[in-house]
Amino acid sequence: MALGDKIKELRTRKNLSLQELADRVQASKAHIWELETGRAKNPTLELMTKLAGCFGVGVADLVGENPNSEFENPELIAMYRDFKGLNDDDRKTVQSMLDHFHKRRG
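Just so we're clear, the structure is a prediction, and the values are computed from it rather than from any experiment. (Residues numbered from 1 in each chain as written. Predicted model: local features only at pLDDT ≥ 70, side-chain atom pairs only at ≥ 80, totals over all residues. Heavy atoms only, no water.)

> Just checking my understanding: could you explain the confidence of the model for the protein chain for this structure?
The predicted coordinates should not be examined in detail at positions where pLDDT is low. The predicted model of the protein chain averages 91 in pLDDT, with 100% of residues at 70 or higher. Least confident of the elements in the protein chain is helix H6 (residues 74-84), whose mean pLDDT is 82; most confident is helix H2 (residues 18-25), at 98. (pLDDT = per-residue confidence, 0-100. Helix = DSSP H or I, 4+ residues; strand = E, 2+ residues; numbered from the N terminus.)

> Can you walk me through the nonpolar core in this structure?
Most often, soluble globular proteins keep nonpolar side chains buried together rather than apart. By size, the foremost hydrophobic cluster in this structure holds 19 residues, and its most contacted members are Ile7, Leu21, Val25, Ile32, Leu51, Phe55 and Leu62. At the level of secondary structure, the elements contributing two or more residues to this core comprise helix H1 (3-13), H2, helix H3 (29-37) and helix H4 (45-55). Counting residues per element, this core draws most heavily on H4, which supplies six residues. Isoleucine 7 has contacts with Leu21, Leu35, Glu36, Leu51 and Phe55, leaving out every residue within four places of it along the chain. (Core = buried A, V, L, I, M, F, W, Y, C linked by side-chain atoms within 4.5 Å. Buried < 20%, exposed > 50% of the residue type's maximum accessible area, 1.4 Å probe, protein only. Contact = heavy atoms within 4.5 Å.)

> Can you walk me through the pattern of salt bridges in this structure?
Here the idea is simple: oppositely charged side chains can pair when their charged atoms come close. Enumeration over the complete set of coordinates arrives at four salt bridges. The shortest N-O distance in the salt bridge between glutamate 36 and arginine 11 comes to 2.6 Å. One end of the pair, glutamate 36, is in helix H3; the other, arginine 11, is in helix H1, with 25 residues separating them in the sequence. (Salt bridge = Lys/Arg side-chain N within 4 Å of Asp/Glu carboxyl O.)

Right under this line is the structure:
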């Protein structure tokens, strides 16, 4: 799930308006809206920390770096665990394949 989608979901779970969330994290309503819609892509670590604190989650949950997060796809977590079990040569092969797919997407 994208950062903006996570922020919006967590905000709506807490029944907060854009303005209420903005006030709690000392940001503008417009900036929160830009984050939720994906128009703003690089929030500061300070803002991310405030958002995480407001929602009661870790920054890792917001940025998709916590494999135990409720937001993560269970299939991707299983793939990650499988990947971790590979030897170095097999990991390099998988990484090469991923690099190829990323280049195709542009």
